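Okay, here's what each chain looks like letter by letter:
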Amino acid sequence: MRHIISILMENESGALSRVAGLFSARGYNIESLTVAPTEDPSLSRMTLVTSGTEEVIEQITKQLNKLVDVVKLMDLTEGPHIEREMMLIKVRAVDAGRDELKRLADIFRGHIIDVTDTSYTIELTGTGEKLDGFIQALDKKTILEVVRSGVSGIARGEKSLKVG
Amino acid sequence: MNGVASVELTGADILVRALKDEGVEYVFGYPGGAVLHIYDALYKQEDVQHILVRHEQGAAHAADGYARSTGRPGVVLVTSGPGATNAVTGIATAYMDSIPLVVITGQVPTHAIGSDAFQEVDSVGITRPCVKHNFLVKDVKDLATTIKKAFFIATTGRPGPVVVDVPKDVTAQKTEYSYPKRVSIRSYKPVTEGHPGQIKKAVDLLLSARRPMIYSGGGVILGEASKSLTEFTRLLGAPITNTLMGLGAYPATDPQFVGMLGMHGTYEANMAMHECDVLLAIGARFDDRVVGKVELFSPGSKKIHVDVDPSSISKSVRVDVPIVGAVEPVLKEIIRLIKESGQKPGKAALAEWWKQIAQWRAKNCLRYDRNSKLIKPQYVIEQLYEQTRGDAFVTSDVGQHQMWAAQFYKFDKPRRWINSGGLGTMGFGLPAAMGVQLAHPKATVACVTGEASIMMCIQELSTCKQYGLPVKIVNLNNRYMGMVRQWQEFFYKGRYSHSYMEALPDFVKLAESFGHVGMRIEKPGDVQPAMKEALKMKDRLVFMDFITDQTENVYPMIEAGKGHHEMHLSPERELA
């Protein structure tokens, strides 16, 4: 099963490689990984998407907790949560295709953020599924480049992952 | 300036002062360019003694032996680049067996990091997967606190090695020195007490058992819980087995001890594991050499697991009652609850269980040919046991000799059996013995080894000479990498691919050339007198080269991937 694990860790050089190294050394799978500092610059927030049996996920969370740099973590998929991913997608846009692409971007609530005579760059935010859906709706031949941020997530309601 | 004179020290002086303030007796190391300032600081003081090894692997193993035999952290100091990479085997060895080490590695100056400078290696990167934690100190102001943190992390919770990488310019910079009494790390809070509800459940389960079994590991030794384990085991009246790492945690001469378990464990220990109805695993991690095939492991038992490291619990074997906590407080609480309940496991059922165990014991699974014209390795270990009255510190390398030492030397005390269990590092025994001997100058320290293993760190004979370390080397010389040969005999139809030790040195002359005493023993009748003579030489290192039976194999044996009930006893005595 797919799990989204949210991690607060010390914002120190090498912290990211400790997590990445743990996953490769123990043969765990990483689907996506995003990381950035939080409002407290001494902390980094990492969102990691992985999959595995319950036993594997249990080991992953235990092993992550064991890393000295990890302050706190939470498996978002254990409760109600929101996940978002951002995609920047550059597509070939010529002749009649330009209108069609504009309409499609509107349907998916995307924004065209860069325009040339022959291309659009569209910004789109949503769940991974929605982004996949948009890509599928496009003619494969028109896609010039896809950049995805990886998943960020947060728990619904008052529940929060915070130090102190 | 406010007029208060403050003394500023260099990073090198701070480092050495911090070691002193941490109570460090010995630093095992080897100098080099990046640590020259630190070596200069060592030169100017007498509180911290430096032991000059002959190879950085030896430094790490020696510090490890010191740590295992004392319970105090071992300290290593090596230079950048090859100094650090040579130490990696020793660091990984300590990591696998959860041994507290603080390893200080020199590094090229901060401005040169990443430039492929002379003797530069990414020490933090290379050691990351085999340390509990590591640090790169970029500012001299952080140095003292980082050293404190390193000791704190290495010695608390599940212990382990911590590397502190110190660039050369940091050791030259100056700042005020103050060593913190304690540190608090918000991301590192090891648990101690176990969950009371879980402990209660465990006690209920243990008291209701008909065939209880205790399986204890190295964690009991690391957690200084041998006394409590012994008290608890006697209170419960259950059989107990120790893992390779746990030997000595419970007295091996006690009737409730059924021997080591696992691949080369005793028949009675493995059968009791297989047939028990309640299993208490304490400070043990269900290692593959212990468990065998997971699906066949102790199939009928309810399992309780006590461990300080939550990630050890349900890693390979699912347990019914997990207890995360330090072994000592958890055992104390279990004992208190059992006493309070006034109950004991059912007498009749327990008597029946012991009757069954006695039948397994009667197989005498460690029997070997005592009439052989060749020296049997088991006999040598028995002699070592008898002549040291079971009171020696015994280090070992890795292979057949390690298993025979574990089977035939009956350890009654913790921290006496010093071996590389997890990583299985050949070359560990001799340098580890140096650390043990330094920590226990009056004690008999024996290094049980083989002619293949000993060659891997043979250079340390020179260190032994320099510091007058009277280690007794028991070399079980069968001219083969014995365990490799054994597997090739069993599983590769006797194709002994590269396991024969051709061109061996004359170990007697070799020992002598290093300034030690060498002995070659070729007949069974000479074993006893030779060992007596060697052990009498209290202030000399004696290298005893026992020429042993080349064909002897370690039994019992469970093949990898088999269950505990599928043991081989020996070719003549296969199980029905």
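Conventions we followed
Residues numbered from 1 in each chain as written. Chains lettered and ligands numbered in written order. Predicted model: local features only at pLDDT ≥ 70, side-chain atom pairs only at ≥ 80, totals over all residues. Heavy atoms only, no water. Helix = DSSP H or I, 4+ residues; strand = E, 2+ residues; numbered from the N terminus. Contact = heavy atoms within 4.5 Å. Areas by Shrake-Rupley, 256 points an atom, 1.4 Å probe, with all protein chains shown as cover. Lys, Arg positive; Asp, Glu negative; His and termini not counted. Charge placed at Lys NZ, Arg CZ, Asp CG, Glu CD. Buried area = accessible area lost by both parts, 1.4 Å probe. Salt bridge = Lys/Arg side-chain N within 4 Å of Asp/Glu carboxyl O. Polar contact = N/O pair within 3.5 Å; in protein donor to acceptor, adjacent residues only side chain to side chain. Pairing = 2+ DSSP bridges. pLDDT = per-residue confidence, 0-100. Axes fitted to C-alpha atoms, helices over the stretch in contact; angles between N-to-C directions. Left-handed = near helix turned anticlockwise from the far one by under 90°. Nonpolar A, V, L, I, M, F, W, Y, C, P; charged D, E, K, R; others polar. Parallel < 35°, antiparallel > 145°, perpendicular 65-115°, else oblique.

### With respect to the overall build of chain B
Summing up its helical and strand segments, chain B has 21 helices and 20 strands in all. Contacts in chain B between residues at least 24 apart in sequence constitute 75% of all its contacts with a sequence separation of at least 6. About 22,900 Å² of surface is accessible on chain B, with carbon and sulfur atoms providing 52% of the total. For chain B, the separation between the mean place of its 65 positive charges and that of its 60 negative charges on side chains is 5 Å.

### A word on the interface of chain A and chain B
Note on interface size: it is often stated as the accessible area lost on association of the parts. Each partner contributes residues to the interface: chain A has 20 residues there, and chain B has 17 residues. Note on chain A versus chain B: buried area summed over both sides is about 1,600 Å², and carbon and sulfur give 44% of it. There are 4 salt bridges connecting chain A and chain B. The salt bridge involving A:E10 is made with B:R186; its shortest N-O contact spans 2.7 Å. Inspection of the chain A/chain B interface yields 12 residue pairs in polar contact (both at pLDDT 80 or more). Looking at the side of chain A that touches chain B, the elements with two or more residues in it are α1 (15-25), α2 (54-66) and β4 (70-75) of chain A.

### Section: the pairing of strand β5 (residues 81-92) of chain A
Residue and element names in this part refer to chain A. Strand direction decides the pairing type here: β5 and strand β9 (residues 152-155), joined by 4 bridges, are antiparallel. Residue pairing for β9: I82 is matched across the bridge by I154. The pairing of β5 with strand β7 (residues 119-126) spans 8 bridges and is classified as antiparallel. Across the sheet, M87 pairs through a bridge with L124, a residue of β7. Bridging between β5 and strand β8 (residues 143-148) involves 5 bridges; their strand directions are antiparallel. Its bridge partner being in β8, M87 is matched across the sheet by R148.

### Focus on the pattern of salt bridges
Residue and element names in this part refer to chain B. Tallying each qualifying case throughout the model produces 38 salt bridges over all chains. In this structure, R289 engages D288 in a salt bridge whose closest nitrogen and oxygen atoms are separated by 3.3 Å. The partner of R416 in a salt bridge is D391, with the nearest N and O atoms 3.1 Å apart. Of the two residues, R416 sits in the loop between α16 (400-408) and β16 (417-418) while D391 sits in the loop between α15 (377-387) and β15 (393-396), which places them 25 residues apart along the sequence.

### A look at the confidence of the model for chain B
The predicted model of chain B has a mean per-residue pLDDT of 96, with 98% of residues at 70 or higher. For this predicted complex, the interface confidence comes out at an ipTM of 0.92, alongside a pTM of 0.96.

### Overview of the sheet that holds strand β17 (residues 445-450) of chain B
The strand order β16-β15-β17-β18-β20-β19 (chain B) describes an open sheet built from 6 strands, whose pairing is parallel. Edge positions in the sheet fall to β16 and β19 (517-521) of chain B, since each has one partner strand and no second.

### Let's talk about the sheet that holds strand β2 (residues 26-29) of chain B
All names here are of chain B. Taken together, 6 strands build an open sheet; the order of strands is β3-β2-β4-β5-β7-β6 and the sheet is parallel. Each having just a single partner strand, β3 (49-52) and β6 (133-136) make up the two edges of the open sheet. Strand-to-strand twist of the sheet, defined as the mean angle between neighbouring strand axes without regard to direction, takes the value 20°. The sheet contact formed by β2 and β3 spans 4 bridges and is parallel. The residue of β3 that forms the bridge with V27 is H50. Packing against the sheet, helix α2 (residues 36-43) makes contact with β2, β3 and β4 (74-78), and its axis sits at approximately 125° to β4.

### Notes on the packing of helix α1 (residues 11-21) of chain B against helix α6 (residues 143-155) of chain B
All names here are of chain B. Where α1 meets α6, the axes come as close as 9 Å, and the angle between the chain directions of the two elements is 35°. The chirality of how α1 crosses α6 is right-handed. Listed contacts from α6 to G11, I14, L15, A18 and L19 of α1 are L143, A144, I147 and F151. Classifying every residue of the contact of α1 with α6 by side-chain character gives 8 nonpolar, 1 polar and no charged.

### Brief notes about the packing of α15(B) against α16(B)
All names here are of chain B. Contact pair α15 / α16: the axes reach a minimum separation of 9 Å and the direction vectors enclose 45°. As far as their axial angle goes, α16 and α15 are oblique. The interaxial crossing formed by α15 with α16 has right-handed handedness. Within the contact between the two elements, α15 uses P377, Q378, I381, E382 and Y385 and α16 uses W404, A405 and F408. Broken down by class, the residue content of the contact of α15 with α16 amounts to 6 nonpolar, 1 polar and 1 charged.

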